Every structure is written in structure tokens, then in C-alpha cells.
Amino acid sequence: MPKTTTPATELTSQYAAQVTGDLERNVKEQERITADIASLQQQLAALQHDHTVLVNMRQALGITEAPAEPAATSESATVPSPRKKASAARSGKQRAAKSAAAPQKAAAKKSAAKAEGATTAAQPTLVELIRRHLAESKEPRSAAEISTALGQAHPERQITTKVVRVTLEGLVAKSQAERSKQGRSVFYTAPAPEPAGGPEAEAQFDEAASQQD
């Protein structure tokens, strides 16, 4: 009996060690994949934020082209599988399900785009908000101050200092705002109103004087 029990005990120990090792490798693999997913999600969030900033900058510069949509979404992204054992019949069913769901997704996207377009049309543009803020301000304001004030007044809009600065420079180029520098800081104000006796008044005065002569 002792001779029969000893090999069985050794075999059980070998299986236990193998199972323990497999479990450790499985846990490590799960941790690695979880870390990869978290890293990809952070990269996606950063890209989405940059996309929003760039769209706002293009709107501030007056470019009216349709914004480019992301090439792929999280729903349509294909995650590679370490083992490809799916059968042809299962793949066919998945393709059929996707084809049936495609028209519904397209209709939902169109509805969302229409709703978003209506909301955007009802809201003033960033250029209008900045011009209005400069007109109401009695003192020169920096781009950071304007960005903070507009962000508090319109928390639903992602207004950044970078986009506000680009918009202000565009207004200065169009003579719709004035820029002044105090040390290393740059401040902006609304354009000064034209004097009552401007070029038109002077021209009228010269015409009246010539008629009297």
C-alpha cells in the first residue's frame, strides 16, 4: 500500500503545482490586458479633447467646412483575439446582425446631428461672445480672464484660453479689437468708437465751405 500511495501523491502535487502556475499566469495576463485597455482609453480621451479644441479653433477662425468625424468608434473598433476559433457560420450571423443594425444606427446618427445642429444654431458663436464681453468690459482684459469669465457664464461650452487667444488675434487683425501690452502680459479691449467729426463730417464741412465761396 505505501508503494501505491506515494506515486499518487507525487502526481497530485505535480498537478497542483501546474494549476497554481497556470492561475498565476492567467492573473498576470488579465492585469496586462487591463493595463493596455486603460492606456488606450486615456489615449482616446486625449484625442477626443484635442479634436474638440481644434474644432473650436476652426470655428473661431471662421472656417465653415464640415468637421472631420473620427475614423472609428469604440463600438466599431475590432479587438484582436489571441485565438481565432470562430466558425464561418458564426461570422456570417454576426455580419447579418451588423447589416440589419446599420440602418438603425444611421438614422440615430442623423437625428443626433440634426438636434446638435439646431442647438448650435441657437447659441451665439465664440466670436460674438468675446466681442460682447469686450464691449461690456471697462478695462483691458487678458485672454485668460476672458476665458474664465466666458467659461463661468457658459459652463456647457468647452472654452479654453488657447482658443480665446486665437479668436482675439483674429479680431485684432480685422480691427474689431485692440491689443495692448503691459510688460509680458497682453490685454485686449473693444475698438475705440470713431469720433463724431470723422472723415465723413470733415468732407461735409469742406463741401459746405466750397458752396459758400
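Residues numbered from 1 in each chain as written. Predicted model: local features only at pLDDT ≥ 70, side-chain atom pairs only at ≥ 80, totals over all residues. Heavy atoms only, no water.

Points about the overall build of the protein
- A count of helical and extended segments in the protein gives six helices and two strands.
- By residue count, 14% of the 213 residues in the protein fall in the buried class.
- Contacts in the protein between residues at least 24 apart in sequence constitute 48% of all its contacts with a sequence separation of at least 6. (Helix = DSSP H or I, 4+ residues; strand = E, 2+ residues; numbered from the N terminus. Buried < 20%, exposed > 50% of the residue type's maximum accessible area, 1.4 Å probe, protein only. Contact = heavy atoms within 4.5 Å.)

Regarding the pattern of salt bridges
- All chains considered together, the criterion is met by five salt bridges.
- The closest approach of N and O atoms between R141 and E145, which form a salt bridge, is 3.2 Å.
- The class for E145 is partly exposed, based on a relative accessible area of 35%.
- What emerges from the salt-bridge pattern is a single network uniting E29, R32 and D36. (Salt bridge = Lys/Arg side-chain N within 4 Å of Asp/Glu carboxyl O.)

Brief notes about the nonpolar core
- Counting 17 residues, the largest nonpolar core has I130, L134, I146, L150, V164 and L168 as its most contacted members.
- Looking at this core, the elements with two or more residues in it are α1 (2–60), α3 (126–136), α4 (143–153) and α5 (161–173).
- Sequence-distant contacts of I130, defined by excluding residues within four places in its chain, comprise I146, L150, V164, T167, L168 and L171. (Core = buried A, V, L, I, M, F, W, Y, C linked by side-chain atoms within 4.5 Å.)

Focus on α3
- Among the residues of α3, those classed as buried are L126, L129, I130, H133 and L134. Seen along its axis, α3 keeps its buried residues to an arc of 130°; they face one direction. Exposed and facing more than 90 degrees away from the buried side of α3 are A135 and E136. (Arc of directions from axis to C-beta.)

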